[in-house]
Amino acid sequence: MDKLERVKIHMSKFESGSPIDEILEDYAENSVLEVQGNRFEGRDSIANFFTKTLEAFGHQKFENIEYKEADDGAVEVSWQAGPVKGGDKFYFNESGMFIRQKAYIGNRPEDF
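## As for the nonpolar core
Item 1. One finds Val 7, Leu 24, Tyr 27, Ile 46, Phe 50 and Phe 90 to be the most contacted residues of the largest nonpolar core, which totals 24 residues.
Item 2. Every element with two or more residues in this core is listed here: α1 (3-16), α2 (20-24), β1 (27-35), α3 (43-57), β4 (75-81), β5 (84-92) and β6 (98-105).

Here it is as structure tokens:
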């Protein structure tokens, strides 16, 4: 599976209400998730973040999704969920799994 396809499938897991364990299959064991200045290291920490986020907001329907393959090999996604805009940038290890994910809510930061 290529990088772009992996990210598209990953995004669809959130929309379809897939279990957290299934969502985490895309992440390497030592992955890092960075969200709004917070850093979550490892699958367990990422799982905890996703669990709390889904408990608070539920599964969201993404709209206006745009995918872009970046020059550094990452895949960047911008999206909207209701009135909320945001985006993610996924970095990959040699096996094609997520090794790092950066995310933002609101306007895309200039240094993203």
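## Re the environment of Pro 109
Item 1. Position of Pro 109 relative to the elements: it lies in the segment after β6.
Item 2. Relative accessible area serves as the criterion here: at 29%, Pro 109 is assigned to the partly exposed category.

## What to know about the sheet that holds β4
Item 1. Strand order in this open sheet of six strands is β2-β1-β6-β5-β4-β3, and the pairing throughout is mixed. This sheet does not close on itself; its edge strands, each paired only once, are β2 (38-41) and β3 (63-69). Averaged over neighbouring strand pairs, the angle between their axes works out to 15° when direction is ignored.
Item 2. For β1 and β6, the ladder comprises five bridges, and the chain directions are parallel. Residue pairing for β6: Leu 33 is matched across the bridge by Gln 101.
Item 3. Packing against the sheet, α3 makes contact with β1, β2 and β6, and its axis sits at approximately 45° to β1.

## Digging into the pairing of β1
Item 1. In terms of strand pairing, β1 meets β2 through four bridges, oriented antiparallel. Residue pairing in the sheet places Glu 34 in a bridge with Arg 39 of β2.
Item 2. Hairpin connection of β1 to β2: two residues between the antiparallel strands, including Gln 36 at a positive phi of 50°.

## Some points on the layout of surface pockets
Item 1. The calculated volume of the largest pocket comes to roughly 580 Å³.
Item 2. Around the largest pocket sit 24 residues that line it, and Phe 49, Thr 53, Phe 62, Trp 79 and Ile 105 are the ones nearest its centre.
Item 3. When residues of the lining of the largest pocket are traced back to their parent elements, those giving at least two are α1, β1, α3, β4, β5 and β6.

## A word on α3
Item 1. Over its 15 residues, α3 extends 21 Å from the first C-alpha to the last, a length consistent with the 21 Å expected when each residue adds 1.5 Å.
Item 2. Turning to α3, its buried residues number three or more, namely Ile 46, Ala 47, Phe 50 and Leu 54. Burial along α3 is one-sided: seen end-on, the buried residues are contained in an arc of 100°. Structural note: α3 exposes Asp 44, Lys 52, Glu 55 and Ala 56 on the side pointing more than 90 degrees away from its buried face.
Item 3. The inward-facing, buried residues of α3 contact α1, α2, β1, β2 and β6.
Item 4. Looking one or two residues past α3, Gly 58 carries a phi angle of roughly 70°, positive in sign.

Rules used in this analysis
Residues numbered from 1 in each chain as written. Predicted model: local features only at pLDDT ≥ 70, side-chain atom pairs only at ≥ 80, totals over all residues. Heavy atoms only, no water. Core = buried A, V, L, I, M, F, W, Y, C linked by side-chain atoms within 4.5 Å. Buried < 20%, exposed > 50% of the residue type's maximum accessible area, 1.4 Å probe, protein only. Helix = DSSP H or I, 4+ residues; strand = E, 2+ residues; numbered from the N terminus. Pairing = 2+ DSSP bridges. Axes fitted to C-alpha atoms, helices over the stretch in contact; angles between N-to-C directions. Contact = heavy atoms within 4.5 Å. 1 Å grid on protein atoms, 1.4 Å probe; cavity = no way out; pocket = protein on both sides within 12 Å on 5 of 7 lines; lining within 4 Å. Points joined across faces, edges and corners; volume = space filled by probe spheres on them. Expected span 1.5 Å × (residues − 1). Arc of directions from axis to C-beta.

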